[in-house]
Amino acid sequence: MRRKSLVTVWVGVLAMSVLFLGCPKKKPAPAPEMEVVELQPPREEIVVPTPPVVVEVAPDPFSEDIETANIAAYEQGLLGDVYFDFDRYELKPEARERLAKNADFMRAHPEFEILMEGHCDERGTAEYNLALGDRRANAAKNYLVSLGIPAGASQTVSFGEERPQCTEATEACWWRNRRAHFVIRGRQGG
Amino acid sequence: MTRASKTTVLFALTFLAFWLVPGIGRSQQSIPADEQLSDPEVNVVLEGRQRSRFRMAMPALGRDGALGPQVRSAAEVLEETLRADLDQSGVFDVQGPTQLSALTLTGVEARDFELYRSLRNELLLRATVKQEQGRLILEGRVFDLGSGKVVLGKRYRGDPSIARRIAHTFADEIIVYFSGRQGLALTSIAFVSDRSGFKEIFLMGSDGADQRPITAHKSISMSPEWNPNGREIAYISYYSGTPNIYLVDLSSGRKTPVITTGSLNISPSFSPDGKRMAFARSIGDGNSEIFICNRDGSGLQQLTHSSGIDANPAWSPSGREIAFTSSRTGSPQIYIMDAEGTNLRRVAFEGNYNDGAAWSPDGTRLVYASRRTGDFDIAVADVVTLESKLLTHGGGSNETPSFSPDGRRILYSTKRRGASGSNTQIFVMDATGGNRKQLTTEGNNTSPVWSGFKE
């Protein structure tokens, strides 16, 4: 009983829909002529403006001031200290390895004037250490010359035990003071 | 004696006033040594010299009349300086007011002398200070307690500001009278101090008083060395970037470069006539050799030719030899060569690291730093017999020794290490090793060198 009345409703709705939809088609207007223009694909891409992308390009530390160059050379391991045994100035194998890297840097940067400082630990006498430090600085320099670095590219100075890296009275400190230290002093001719 | 000693004093004071204490000296008048107060009739028995020391009673300085505040404090400085000079001289064993306090003095001379003798005193030094027109007057008399007579009497007059110099002058008079040799009280010591934050050259009196800088390079300055004429000091400075040799004139303070070419010029040492200098200089590949040159840097001449390090020359008092350090056999050792560079011989055979040789004034001994185990000790070697012995035994690293002009005292520095670093101070001791006294406290102080006698 109930199903019969639902069907009746649906039939009614359908009939009305047909009547209603059929109304606009009573007077069909002639279809307007349609112009079709084929658009050529654009030759140039249209640049859509977007926020500019900033690429972080690090400034070359070796074209900056000398202090920056010194810090960068040591931080990047391009230059490094050479260490010696107590009261000795002979180069150990690891010292030669280190000097070869230093030589690479000096070759890459022939514009730099390099100062090689000879240092000693505090256990020798101050006077003798001045002479010993000069030997250490020159041992480093002579090896670099043997690697093809021009002798004129560097100078030497001995500080003996006057400018220690550290001052504790332990071998852990002393060995760090027995060294040839490299300093970029300036630019050639500058 | 009277005339000679008067001349000596006058000369010494004039010299000091004009040359040694720039700024102070030139603004003060020299002190006239007044007349001898009494002629010594009694000579002290000379066998006293054979004994170690004269025992001398030195009661508190008398104050005669009213003293202004300046003279009053000058009197204290004078008393303290005089007592220290006599005590440090090695000639006297001084009994001061503390040791004499047990005595109940009567004011009667004969009775009081008896009391001083009861404490085994042989001599009595009685001195009085008074003021006259703002100036200080010191009257001092030395009594021989055996005879009760005055053997030495002096009166000095001067500005209160030079109380210390008056005391030194009187002390040296007493010392030369009783020992027959010149005292050190008027001599000076040059040394290196970093108390300003930089190593500079300093001067002080032989008792450690009146420490003052004579360089202000704000760099590294070290290795002072007296010209035997007493008027200038050679030293090295990094003032121009590398260590070079300079001279400082003590009267004007003017600095003159001597050797400034090459990468390393260090350790100057004057010839006894003051006309030439020996030093260490780096040649070619950092190999340091001993050179000599004229005082103005001209006439450069190389004396050593070894592949080892040659450093730290010391010209002998005779002028004929030069001691130096060389590593030609491996470790640093001390050698002597003739001043022409020939006749090389090794001196020190004990120790694995010997450096810093300095000659005794008579040229018979070398004092140097010797490392036998961990740290350095001061050693002395006879240059003929080559026998050596240690004068210090640890307590830090003992280095940079040098003799006093009378050869009886040795200056040196002691480096004591702590957890966070080291501290170095200057000491003086007898040439036999005892009677040690610290002279510095401020900053680190090293490389002490004694001037010659002031004459």
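Because the structure is predicted, anything quoted here is derived from the model rather than measured. (Residues numbered from 1 in each chain as written. Chains lettered and ligands numbered in written order. Predicted model: local features only at pLDDT ≥ 70, side-chain atom pairs only at ≥ 80, totals over all residues.)

Q: Tell me what's going on with the overall build of chain A, and back it up with residues and numbers.
A: Looking only at helices and strands, chain A features 5 helices and 4 strands. Mapped from its N terminus to its C terminus, chain A presents α and β elements in the order α-α-β-α-β-α-β-α-β. Counting every position in chain A, which comprises 190 residues, the buried fraction comes to 31%. Expressed as a percentage of contacts within chain A between residues at least 6 apart in sequence, the contacts between residues at least 24 apart total 72%. (Helix = DSSP H or I, 4+ residues; strand = E, 2+ residues; numbered from the N terminus. Buried ≥ 20, exposed ≤ 12 C-beta atoms within 10 Å, placed from the backbone. Contact = placed C-beta atoms within 7 Å.)

Q: So what's going on with the overall build of chain B? Which residues, and what values?
A: Regarding its fold elements, chain B presents 5 helices and 30 strands. Evaluated residue by residue, chain B yields a buried proportion of 48% over its 455 residues. Partitioning the contacts of chain B with sequence separation of at least 6, the portion at a separation of at least 24 is 45%.

Q: So what's going on with the sheet that holds strand E8 (residues 200–205) of chain B? Residues and values would help.
A: Residues and elements named next belong to chain B. Pairing is antiparallel in the open sheet, where 4 strands are placed in the order E9-E8-E7-E30. What marks the edges here is a single partner per strand, and that holds for strand E9 (212–213) and strand E30 (445–450). As defined by bridge partners, strand E7 (residues 188–193) adjoins E8 across 6 bridges and the pair is classed as antiparallel. Residue pairing across strands places Phe191 opposite Phe202, the latter belonging to E8. (Pairing = 2+ DSSP bridges.)

Q: Just give me the short version of the interface of chain A and chain B, but keep the residues and values in it.
A: Contacts between the two partners involve 22 residues from chain A, matched on the other side by 30 residues from chain B. Going through the elements one at a time, helix H4 (126–146) and strand E3 (154–160) of chain A are the ones with two or more residues in the side of chain A that touches chain B. A per-element tally of the side of chain A that touches chain B places H4(A) first, with 11 residues. Grouping the amino acids of the side of chain A that touches chain B by side-chain chemistry returns 8 nonpolar, 7 polar and 7 charged. (Nonpolar A, V, L, I, M, F, W, Y, C, P; charged D, E, K, R; others polar.)

Q: Account for the sheet that holds strand E19 (residues 321–326) of chain B, naming residues and giving values.
A: Here 4 strands make up an open sheet; going across it, the order is E18-E19-E20-E21 (chain B) and the pairing antiparallel. The open sheet is flanked by strand E18 (310–315) and strand E21 (345–346) of chain B, the only strands paired with a single partner. Pairing of E19(B) with strand E20 (residues 333–338) of chain B involves 6 bridges; the strand directions are antiparallel. Note on E20(B): the bridge partner recorded for Ala323(B) is Ile336(B). Helix-sheet contacts for H4(A) involve E18 and E19 of chain B, and the interaxial angle to E18(B) is about 140 degrees. (Axes fitted to C-alpha atoms, helices over the stretch in contact; angles between N-to-C directions.)

Q: How would you explain the confidence of the model for chain B if you had to name every residue and give the values?
A: Detailed conclusions should not be drawn from predicted coordinates in areas where pLDDT is low. All names here are of chain B. Across chain B, the average pLDDT comes to 89, with 89% of residues at or above 70. Contacts for the low-pLDDT stretch residues 1–50, under 50 throughout, to residues beyond four places or in other chains number 73 contacts. The complex prediction reports pTM at 0.81, with the ipTM value standing at 0.84. (pLDDT = per-residue confidence, 0-100.)

Q: If you had to explain the nonpolar core to someone new, which residues and values would you point to?
A: If you look at the biggest cluster of nonpolar residues, it comprises 100 residues, and the most contacted ones within it are Ala140(A), Ala323(B) and Leu366(B). For this core, the leading source of residues is H4(A), giving 10 residues. For Ala323(B), the residues in contact, after removing those within four places along its chain, are Ala314(B), Ser316(B), Ile334(B), Ile336(B), Val347(B), Ala357(B), Trp359(B) and Leu366(B). By size, the runner-up hydrophobic cluster in this structure holds 40 residues, among which are Leu138(B), Ala167(B), Ala171(B) and Ile174(B). (Core = buried A, V, L, I, M, F, W, Y, C linked by C-beta atoms within 7 Å.)

Q: Summarise the domain arrangement of chain B; cite the residues concerned and give the values.
A: Residues and elements named next belong to chain B. On domain assignment, one finds that chain B holds domain 1 (2–179) and domain 2 (188–450). If you look at the interface, domain 1 gives 10 residues, while domain 2 gives 11 residues. Of all the elements in the fold, those that place two or more residues in the side of domain 1 that touches domain 2 are helix H1 (2–20) and helix H2 (69–88). If you tally residues by element for the side of domain 1 that touches domain 2, the top one is H2, at 4 residues. (Domains from an automatic or database assignment.)

Q: Describe the pairing of strand E10 (residues 221–226) of chain B, with residues and values.
A: Regular strands place their side chains on alternate faces of the sheet. For E10(B), the buried fraction is high: 6 of the 6 residues fall into the buried class. Here E10(B) hands over to strand E11 (residues 232–237) of chain B after 5 residues, with Gly230(B) in that stretch at a positive phi of 75 degrees.

Q: An account of the packing of H2(B) against helix H5 (residues 163–179) of chain B is needed here, citing residue identities and associated values.
A: The description of two helices packed together rests on the angle between their axes and the distance between the axes. Residues and elements named next belong to chain B. Direction vectors running N to C along H2 and H5 enclose 30 degrees, while the axes themselves pass 8 Å from each other. In terms of their interaxial angle, H2 and H5 are classed as roughly parallel. The two elements H2 and H5 cross, and the hand of that crossing is right-handed. Contact residues: Ala74, Val77, Leu78, Thr81, Leu82, Asp85 and Leu86 in H2; Ala163, Arg164, Ile166, Ala167, His168, Phe170, Ala171 and Ile174 in H5. Among the residues making up the contact of H2 with H5, the classes are represented as 11 nonpolar, 2 polar and 2 charged. (Parallel < 35°, antiparallel > 145°, perpendicular 65-115°, else oblique. Left-handed = near helix turned anticlockwise from the far one by under 90°.)

Q: An account of unusual backbone geometry is requested, with residue identities and associated values reported.
A: Residue and element names in this part refer to chain B. The backbone of Asp210 sits at a positive phi, close to 60 degrees, despite the residue not being glycine. Position of Asp210 relative to the elements: it lies in the loop between E8 and E9. Under the C-beta neighbour-count criterion, Asp210 is labelled partly exposed, with 13 such atoms within 10 Å. At Asn312, a position not held by glycine, the phi torsion is positive, near 55 degrees. Among the secondary structure elements, Asn312 is positioned in strand E18. Here Asn312 falls in the buried class, since 31 other C-beta atoms lie within 10 Å of it.

Q: Mind laying out the packing of helix H3 (residues 93–108) of chain A against H4(A), listing which residues take part and the relevant values?
A: Residue and element names in this part refer to chain A. The N-to-C vectors of H3 and H4 enclose an angle of 60 degrees; their axes lie 10 Å apart at closest approach. Pair H3 / H4 crosses with right-handed handedness. Contacts between H3 and H4 involve Arg96, Leu99, Asn102, Ala103 and Met106 from the former and Ala140, Tyr143 and Leu144 from the latter. Among the residues forming the contact of H3 with H4, the class breakdown is 6 nonpolar, 1 polar and 1 charged.

Q: Residue-level account of the environment of Ala190(B), with values.
A: All names here are of chain B. The topology assignment puts Ala190 in strand E7. We classify Ala190 as buried; it has 23 C-beta atoms within 10 Å. Measuring from C-alpha to C-alpha, the distance between Ala190 and Ile201 comes to 7.0 Å, with 11 residues separating the pair along the chain. Sequence-distant contacts of Ala190, that is, excluding residues within four places in its chain, are made with Ile201, Leu203, Pro224, Trp226, Ile233 and Val449.

Q: Account for the environment of Arg181(B), naming residues and giving values.
A: Residue and element names in this part refer to chain B. Note that Arg181 resides in the loop between H5 and E7. Arg181 sits in the partly exposed class, given 16 other C-beta atoms within 10 Å. In sequence terms Arg181 and Pro268 are 87 residues apart; their C-alpha atoms lie 29 Å from each other. In this structure, Arg181 is in contact with Val176 and Asp406, ignoring residues within four places of it in sequence.

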